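Secondary and tertiary structure notes
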Amino acid sequence: MSEDRHITSYQTHAKVLISLLTLTTLTILIPWLDLSALTVLIALIIASTKAGIVMTYFMHLKMEMKLFRVLVIMVLSLYASVILLTFADYMTR
């Protein structure tokens, strides 16, 4: 029984850490810009980006089978469409 091991370097972990900290800082700073309704959209985009980074590196989605990646992309597309429809409804009120 062979076991595939996926070893991620410390440099990759450092890049992921820096990107997550940068995006978290942006999440904190965005409301101060007073972009009205766009503030929510930008915060959701940043949160989705952070979720994608976490799924890719810490949940090892990068090393999974292609079918599994396609299924995750389909779920994320559904999530994005629900967010966009909600935002469109919010903007028309």
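As the structure is a prediction and not an experimental result, all values here were calculated from the model. (Residues numbered from 1 in each chain as written. Predicted model: local features only at pLDDT ≥ 70, side-chain atom pairs only at ≥ 80, totals over all residues. Heavy atoms only, no water.)

**Considering a nonpolar patch on the surface**
Convention followed: Each patch is assembled from residues with relative accessible area greater than 30% and no salt bridge, linking like charges that lie within 9 Å and nonpolar side chains (Val, Leu, Ile, Met, Phe, Trp, Tyr) that lie within 5 Å. In this description, accessible areas are obtained by the Shrake-Rupley approach with a 1.4 Å probe, and a residue is regarded as covered only by the protein chains that are shown. A side-chain nitrogen of Lys or Arg and a carboxyl oxygen of Asp or Glu constitute a salt bridge if their distance falls within 4 Å. In DSSP terms, a helix is any run of H or I states spanning at least four residues, a strand is any run of E spanning at least two, and both are numbered starting from the N terminus.
Together, Leu 67, Val 70, Leu 71 and Met 74 give the surface a local cluster of nonpolar side chains, amounting to about 380 Å² of exposed area. For Val 70, the location among the structural elements is in helix α3 (residues 66-91).

**Topic: the nonpolar core**
The nonpolar side chains of a soluble globular protein tend to be buried, and buried together. To keep it simple, the criterion reads: Definition of nonpolar core: a set of buried residues of the types Ala, Val, Leu, Ile, Met, Phe, Trp, Tyr and Cys, connected through side-chain atoms within 4.5 Å. In this scheme, a residue with accessible area under 20% of its type's maximum is buried, one over 50% is exposed, and one in between is partly exposed, where area comes from a 1.4 Å probe on protein chains only. Residue contacts follow a heavy-atom distance rule, with two residues in contact if any of their heavy atoms lie within 4.5 Å.
Counting residues in hydrophobic clusters, the biggest one holds 6 residues: Val 16, Leu 20, Leu 23, Ile 30, Ile 46 and Ile 53. Mapped onto this core, the elements with two or more residues apiece are α1 (10-29) and α2 (38-57). Broken down by element, the residue count for this core peaks at 3 residues, all from α1. Setting aside its immediate chain neighbours within four residues, Val 16 contacts Ile 53, Tyr 57 and Phe 58.

**Comments concerning the packing of α2 against α3**
Selection rule: Note on method: axes are straight lines fitted to C-alpha atoms, helices fitted across the in-contact stretch only, with angles between N-to-C directions ranging 0 to 180 degrees. When describing relative orientation, an angle under 35 degrees is termed roughly parallel and one over 145 degrees roughly antiparallel, while 65 to 115 degrees is termed roughly perpendicular and anything else oblique. Under the scheme applied here, ten amino acids are nonpolar (Ala, Val, Leu, Ile, Met, Phe, Trp, Tyr, Cys and Pro), four are charged (Asp, Glu, Lys and Arg), and all others, including Gly, are polar.
At a minimum axis distance of 11 Å, the contact between α2 and α3 shows a crossing angle of 170°. It follows from the interaxial angle that α2 and α3 lie roughly antiparallel. Facing Leu 38, Leu 41, Leu 44, Ser 48 and Met 55 of α2, the residues of α3 in contact are Val 72, Leu 76, Tyr 79, Ile 83 and Phe 87. Residue classes in the contact of α2 with α3 are distributed as 9 nonpolar, 1 polar and no charged.

**Topic: the environment of Gly 52**
Summarising the element assignment, Gly 52 is placed in helix α2. Remark: the alpha-carbon pair of Gly 52 and Ile 42, spanning 10 residues in sequence, is separated by 15 Å.

**What about the environment of Leu 76?**
Residue position: Leu 76 is located in helix α3. C-alpha of Leu 76 to C-alpha of Gly 52: the two residues are 24 residues apart in sequence and 9.2 Å apart in space.

**A look at α2**
It helps to recall that an α-helix has 3.6 residues per turn; residues three or four apart then point in one direction. Rule in force here: How far a helix is expected to stretch is found by multiplying one less than its residue total by 1.5 Å.
Between the first and last C-alpha of α2 there are 29 Å, a value that for 20 residues agrees with the 28 Å anticipated at 1.5 Å per step. Among the residues of α2, those classed as buried are Thr 39, Leu 41, Ile 46, Ile 53 and Met 55.

**What to know about unusual backbone geometry**
The phi angle at Asp 34 is positive, at roughly 55°, despite the residue not being glycine. Within the element layout of this structure, Asp 34 appears in the loop between α1 and α2. For Asp 34, a relative accessible area of 65% translates into the label exposed.

**Observations concerning the side chain of Thr 39**
The criterion, for reference: Polar contacts, as counted here, are pairs of nitrogen or oxygen atoms within 3.5 Å of one another; within protein the pair requires one atom able to donate a hydrogen and one able to accept it, and residues that are adjacent in sequence qualify only if both atoms are side-chain atoms.
Here Thr 39 is to be found in helix α2. Taking relative accessible area as the criterion, Thr 39 reaches 15% and is therefore assigned buried. A polar contact is formed between the side chain of Thr 39 and the backbone oxygen of Ser 36, at a distance of 3.2 Å. Leaving out residues up to four positions away in the same chain, Thr 39 has contacts with Ile 30, Pro 31 and Asp 34.

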